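# Inside the fold
So you can see what is in the structure, the chains are spelled out below.
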Amino acid sequence: MKEYQSTVLLFYFCQVVAKKIIITIDGWSSCGKSTLAKQLAKELGYLYVDSGAMYRAITLYFLRNNIDLAEKKEVKEALKSISLEFVFNPKSSSSEIYLNDENVEYVIRDMVVAEKVSDVAAIKEVREFAVAQQQLMGKKKGIVMDGRDIGTVVFPKAELKIFMTADNAIRVQRRFKELYEKNPNVTIEEVKDNLEMRDYIDSHREVSPLRKAKDAIELDNTNLTEKEQFSKALILARDKIAQLK
Ligand code: CDP
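First things first, this report covers the structure right here in the doc. Model, not experiment: these values are computed from the prediction.

What follows concerns helix α9 (residues 188–204). Taking 1.5 Å of rise per residue, the 17 residues of α9 would be expected to cover 24 Å, and the 24 Å separating its terminal C-alpha atoms lies within 8% of that figure. Taken residue by residue, α9 has Val-191, Asn-194, Leu-195, Arg-198, Asp-199, Ile-201 and Asp-202 as its buried positions.

As a further point, take the sheet that holds strand β5 (residues 102–103). Here we have 3 strands laid out as an open sheet, ordered β3-β4-β5, and antiparallel in their pairing. Edge positions in the sheet fall to β3 (84–89) and β5, since each of these pairs with one other strand and no more. As judged from the 2 bridges shared by strand β4 (residues 94–99) and β5, these two strands associate in the antiparallel manner. From the neighbouring strand, Tyr-98 faces β5, where its bridge partner is Asn-103.

This part covers the packing of helix α8 (residues 168–182) against α9. Taken N-terminus to C-terminus, the directions of α8 and α9 make an angle of 120°; their axes are 9 Å apart at the nearest point. Viewed along their axes, α8 and α9 adopt a mutual orientation that is oblique. Judged by the sense of rotation from one axis to the other, the crossing of α8 with α9 is right-handed. Of the residues in α9, those touching α8 at Arg-171, Val-172, Gln-173, Arg-175, Phe-176 and Leu-179 are Ile-188, Val-191, Lys-192, Leu-195, Arg-198 and Asp-199. In the contact of α8 with α9, the residues fall into 6 nonpolar, 1 polar and 5 charged.

Cut-off values and rules
- Think of each chain on its own: its residues are numbered from 1, step by step along the sequence as written.
- Residue-level local features of this predicted model are given only where pLDDT is at least 70; pairs of side-chain atoms are given and counted only at 80 or more, and the full residue set underlies all totals for whole chains, interfaces and linings.
- The basis for the side-chain values is all heavy atoms of the structure; hydrogens and waters are excluded.
- Here a strand is any run of E in DSSP of at least two residues, a helix any run of H or I of at least four, and the numbering for each starts at the N terminus.
- What a helix should span is 1.5 Å times the count of its residues minus one.
- Buried means the residue's accessible area, taken with a 1.4 Å probe over protein chains only, is under 20% of the maximum for its type, while exposed means over 50%, and partly exposed covers the values in between.
- Here the rule is simple: two strands pair whenever DSSP picks up at least two bridges between them.
- Fitting a line to C-alpha atoms yields each axis, with helices limited to the stretch in contact; the angle taken between N-to-C directions then spans 0 to 180 degrees.
- Geometric relationships in this document are graded by angle, where less than 35 degrees denotes roughly parallel, more than 145 denotes roughly antiparallel, 65 to 115 denotes roughly perpendicular, and other angles denote oblique.
- Crossing handedness is defined as follows: a turn of the near helix away from the far one that is anticlockwise and smaller than a right angle gives a left-handed crossing, while the clockwise case is right-handed.
- Contacts are assigned to residue pairs with any non-hydrogen atoms lying within 4.5 Å of each other.
- In this count, Pro and Cys sit with the nonpolar residues alongside Ala, Val, Leu, Ile, Met, Phe, Trp and Tyr, while Asp, Glu, Lys and Arg are called charged and the others, Gly among them, polar.

Here is the structure:
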């Protein structure tokens with residue numbers, strides 16, 4: 001009897017595990033990737049990973065330690081001293097990033113980091129360091145990860161790939177509002193310049209440039225509310241999950 005019960009349990013466990021998919025959300029700066037990724041992860045009970053936070057945290061470490069980005073050896077050595085971890089914070093109901101045991105979730109959103117992050121993220125060794133950890137996080141599936149190369153490089157076999165876009169002016173407005181709430185000294189020009197610069201570097205770099213994966217579904221949210229974009233994406237996700245049955 002016991003043996004039968006454990007076989008049944010194992011069967012249901014396998015079904016549940018098998019039904020989980022990987023969802024990748026890539027796209028331009030500030031087009032709402034993380035908002036959508038968090039909503040999907042919460043609804044599906046999946047892990048949410050903000051891959052951009054990893055590049056931002058590495059950048060913060062490099063800035064604090066005056067790492068010369070042109071010096072490969074220095075960069076490689078510095079990476080050995082970096083440990084990144086995501087810890088779920090029930091208060092914000094989201095996972096927050098820790099750099100060597102320090103919560104840096106908020107400080108990495110600063111403009112000082114935003115100014116340098118795309119240069120850091122263009123370095124091959126930095127990408128190898130981050131991508132290896134991202135792939136490990138997705139081993140058991142049941143994950144929503146947002147970034148620039150998630151559907152193309154990190155999880156090329158993901159079941160659902162979304163590529164997000166939105167008008168430039170809307171993106172600038174959204175990011176300005178977000179940053180202004182934390183720092184009223186920030187200007188709209190500064191935010192606009194930063195988004196344009198990052199989009200340019202991210203899409204023109206040699207290693208893993210930002211581009212839409214061939215099998216990604218484009219989602220333009222210029223005229224969509226958060227609720228509307230969420231329900232569209234949720235339908236796509238549920239469809240993919242149902243196909244696994
Ligand atoms: O929130 P936002 O879309 O502005 O950016 P983010 O997701 O926090 O990413 C910050 C920067 O990290 C990007 O501009 C890229 O340079 C880099 N990044 C990357 O190269 N690859 C990723 N998978 C994620 C971010």
